[in-house]
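For reference, the chains in residue letters:
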Amino acid sequence: MRNTSLDELPQLINVLLGDMSLVGNRPLPLYEAATLTTDDYAARFPAPAGITGLWQVKKRGNKDMSVEERISLDIDYASKCNFSTDLWIIANTPTALFQKENV
């Protein structure tokens, strides 16, 4: 289930309720959010919370992706989020779903 990201389907309820967007930065677990509330990482927060996002499409399953690189992609998305970027991410999400390792 995890390898195909089927466990993410319940998040669609959050989208329907308006708590999340389809595309945006992934919500952080509380333990991670507490360490990333410095000025260096604050630029990731203006983007909406989403089911899929830039780092999921560009780097998902990449073993050498660091937390800093993931946050950098989140900040990149937050500064450039627009409808065409969201469409590109949605179009590329299905291929990211079926990668085999490090989900």
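Residues numbered from 1 in each chain as written. Predicted model: local features only at pLDDT ≥ 70, side-chain atom pairs only at ≥ 80, totals over all residues. Heavy atoms only, no water.

1. What to know about the overall build of the chain
Then step 1. A tally of regular secondary structure across the chain gives five helices and two strands.
Then step 2. Each helix and strand of the chain, ordered N terminal to C terminal, gives the series α-β-α-β-α-α-α.
Then step 3. Only carbon and sulfur atoms are counted for the fraction: they give 61% of the accessible area of the chain, which is about 6,400 Å². (Helix = DSSP H or I, 4+ residues; strand = E, 2+ residues; numbered from the N terminus. Areas by Shrake-Rupley, 256 points an atom, 1.4 Å probe, with all protein chains shown as cover.)

2. Considerations on the confidence of the model for the chain
Then step 1. For the chain, per-residue confidence averages 77 on the pLDDT scale, and 71% of positions sit at 70 or higher.
Then step 2. Mean pLDDT across the elements of the chain bottoms out in helix H2 (residues 30-35) (67) and peaks in strand S1 (residues 21-23) (88). (pLDDT = per-residue confidence, 0-100.)

3. Notes on the environment of glutamate 8
Then step 1. Relative to the helices and strands, glutamate 8 resides in the segment before helix H1 (11-17).
Then step 2. Linking glutamate 8 and isoleucine 51, residues 43 residues apart in sequence, is a C-alpha distance of 7.5 Å.

4. Overview of the pattern of salt bridges
Then step 1. By the definition in use, this model includes one salt bridge.
Then step 2. Of the charged contacts, one joins aspartate 76 and lysine 80 as a salt bridge, the two residues approaching to 3.7 Å between their closest N and O atoms. Placement of both aspartate 76 and lysine 80 in helix H4 (residues 67-80) is noted, with a separation of four residues, approximately one turn of the helix.
Then step 3. Exposure remark for lysine 80: the relative accessible area of 49% places this residue in the partly exposed category. (Salt bridge = Lys/Arg side-chain N within 4 Å of Asp/Glu carboxyl O. Buried < 20%, exposed > 50% of the residue type's maximum accessible area, 1.4 Å probe, protein only.)

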